[in-house]
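# Architecture and fold: a report
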Amino acid sequence: MSIPKKIKKALVSVFHKDGLDEILAKLHQEGVEFYSTGGTHSFIESLGIPCCLVEDLTGYPSILGGRVKTLHPKVFGGILNRRDNKEDREQLRQYAIPEIDLVIVDLYPFSETVATAAEEQAIIEKIDIGGISLIRAAAKNFDDVLVVASKQQYPAFSRMLSGQGACSTLEDRRWFAKEAFAVSSGYDTAIFNYFDNGAGTHFRQASDPVKSLRYGENPHQKGVFYGDFDACFEQLQGKEISYNNLLDIHSAVELIAEFDELTFAILKHNNACGIASRSTVKEAWEAALAGDPVSAFGGILICNAKIDPVAAAEINKIFFEVVIAPAYDREALAVLEEKKNRIILVQKQHPENRLSFRSLLNGVLMQDKDASLLKKEDLKTVTGKAPTEREIEDLLFADKLVKHTKSNAIVLVKNKQLCAGGMGQTSRVDALKQAIEKANAFHFDLEGAVMASDAFFPFPDCVEIACKAGITAVIQPGGSIKDNLSVKYCNENNRAMVTTGIRHFKH
């Protein structure tokens, strides 16, 4: 451990003052002198603590409507001077610059202002200039200066003061410097992304909340989640959420967001093994479970309606990892809480991410999120026979589902219920055969069911197999140079086919 350095003078310039009063009181008790500007200066003095105005130090008032307050050599010289450098010390004496040992800054709320959809001028005025400069200067000179760069660091700094008084070690200062550069880089990232407006001209992403996981995808891999999970969910009970839980939870909320009707889904390894839309939660659950009661074991459950006691009693009969819903009746919650390791989540909001990312090779892939959502009028009938109204409802249901299924993907749907899906296959024919085999294993009658494919059919083989299994209508993107062969087979066998023009590869 290094020899602690005494904090004698502090510069404080913050936007948020919550929680600062206790810190200032501790510093004052330790004999620390304060410099500040504007509202922060008034706040400090309102606590009965003496504080020198930065304007008195620099000899210049705050100008340009507050845009320039601390940008002055007497401020930055006090922060950036090297205490063990003779020339630096001489210049401080020559220009009457005080040594500043502590900088506390909380930046203008740029991201929060953007989120309010404010006018651009209001957003621009929330780009902090002086504060970000103070942070970088103090962090750069961590050998001699300690920087507290946001209100999120107040608790850590307060603990340091309680434990060792107004003294900091090199380890303390280096840790706070690291956190300060995380703040400044994240702040600049938010500003860039505002100006870039989704164009993706450069890859810049930052996330402050960090959640360490028990491990990654497998126990020998380290796992960390960067994001604010608590903004999306309230965890009512259960064990610590794992890496694989998070993957499944993400897939679940993305899938259920497609449906306005009361819908229940069961997911396993990021794919739906059961999903159905019904008039009650219990009916939707039972229809979803029927899709694959074997795979449902240890799955992720999600519903877009409040879980009632009747449904909870049925759900409670199987083992599952996670259940997600917008709300739970008190009696339903009491039933679900019987197994203490169950993760019970209340979904507060759906994260509106327009982009998706994947790391690979020595870089990152970025793409627009697949946000397509088809309506009846978007379907193009390419066969002589048009689908019935019931078939159209099932086709739209199936298209939403196949969009969230690993490619190559085929899903079979009847009466707004997943009969079976074939997923992650290297051949579309194999995906279809897998789906038919599973549907038969769970005693589904495929006569009158519909089929959705995530991509076009290069040959008519899938259509032939599906029609022989009882499929009466097909939805697919179209676009193959041999589309006519699949259409011809449907016409010859009195089947309906619609195309969408939208492929749904998911790898």
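Residues numbered from 1 in each chain as written. Predicted model: local features only at pLDDT ≥ 70, side-chain atom pairs only at ≥ 80, totals over all residues. Heavy atoms only, no water.

### Points about the packing of helix α8 (residues 130–140) against helix α10 (residues 170–196)
Short version of the rule: Note on definitions: angles span 0 to 180 degrees between N-to-C directions of axes, and those axes are lines fitted to C-alpha atoms, for helices only across the stretch in contact. To qualify as a helix, a DSSP run of H or I must reach at least 4 residues; to qualify as a strand, a run of E must reach at least 2; elements of each kind are numbered from the N terminus. Working rule for angles: under 35 degrees goes down as roughly parallel, over 145 as roughly antiparallel, 65 to 115 as roughly perpendicular, anything else as oblique. Left-handed describes a crossing in which the near helix is turned anticlockwise from the far one by less than a right angle; the clockwise case is right-handed. Any pair of residues with heavy atoms lying within 4.5 Å of one another is described as a contacting pair. Any residue outside Ala, Val, Leu, Ile, Met, Phe, Trp, Tyr, Cys, Pro, Asp, Glu, Lys and Arg is labelled polar, Gly included; the first ten of those are nonpolar and the last four are charged.
For the pair α8 and α10, the least separation of the axes is 9 Å and the interaxial angle reads 150 degrees. One finds that α8 runs roughly antiparallel with respect to α10. By crossing handedness, the relation of α8 to α10 is classed as left-handed. Together, Ile132, Ile135, Arg136, Ala139 and Lys140 of α8 and Ala177, Ala180, Phe181, Val183, Ser184 and Tyr187 of α10 make up the contact between the two elements. In the contact of α8 with α10, the residues fall into 8 nonpolar, 1 polar and 2 charged.

### Here's the deal with the packing of helix α17 (residues 428–441) against helix α18 (residues 461–469)
Between α17 and α18, the least distance of the axes is 9 Å, while the angle of their chain directions is 10 degrees. The angle between α17 and α18 falls in the class roughly parallel. Here α17 contributes Arg428, Val429, Leu432, Lys433 and Ile436 to the contact with α18, which in turn contributes Asp461, Cys462, Ile465, Ala466 and Ala469. When the residues that make up the contact of α17 with α18 are grouped by side-chain class, the tally is 7 nonpolar, no polar and 3 charged.

### A word on α17
Because an α-helix packs 3.6 residues into every turn, residues spaced three or four apart end up facing the same way. Note the cut-off: Expected span, for any helix, means 1.5 Å times one less than how many residues it has. Exposure is judged per residue with a 1.4 Å probe applied to protein chains only, and the accessible area is read against the type maximum: over 50% gives exposed, under 20% gives buried, and values in between give partly exposed. It is the directions from the helix axis to the C-beta atoms whose arc is reported.
Relative to the 20 Å expected for 14 residues at 1.5 Å per residue, α17 spans 20 Å between its end C-alpha atoms, a close match to the ideal helical length. Taken residue by residue, α17 has Arg428, Val429, Ala431, Leu432, Ala435, Ile436 and Ala439 as its buried positions. Buried residues in α17, looked at end-on, bunch into an arc of 160 degrees, giving them a common side. Tucked into the core, α17 has its buried residues touching β19 (410–413), β20 (418–422), β21 (450–453) and α18.

### So, α8
Counting buried positions along α8 gives 8 out of 11 residues, so the element sits mostly inside the fold. Turning to α8, its buried residues number three or more, namely Gly130, Gly131, Ile132, Leu134, Ile135, Ala137, Ala138 and Ala139. At its buried positions, α8 is contacted by β2 (9–14), α4 (73–80), β5 (102–106), β6 (146–148) and α10.

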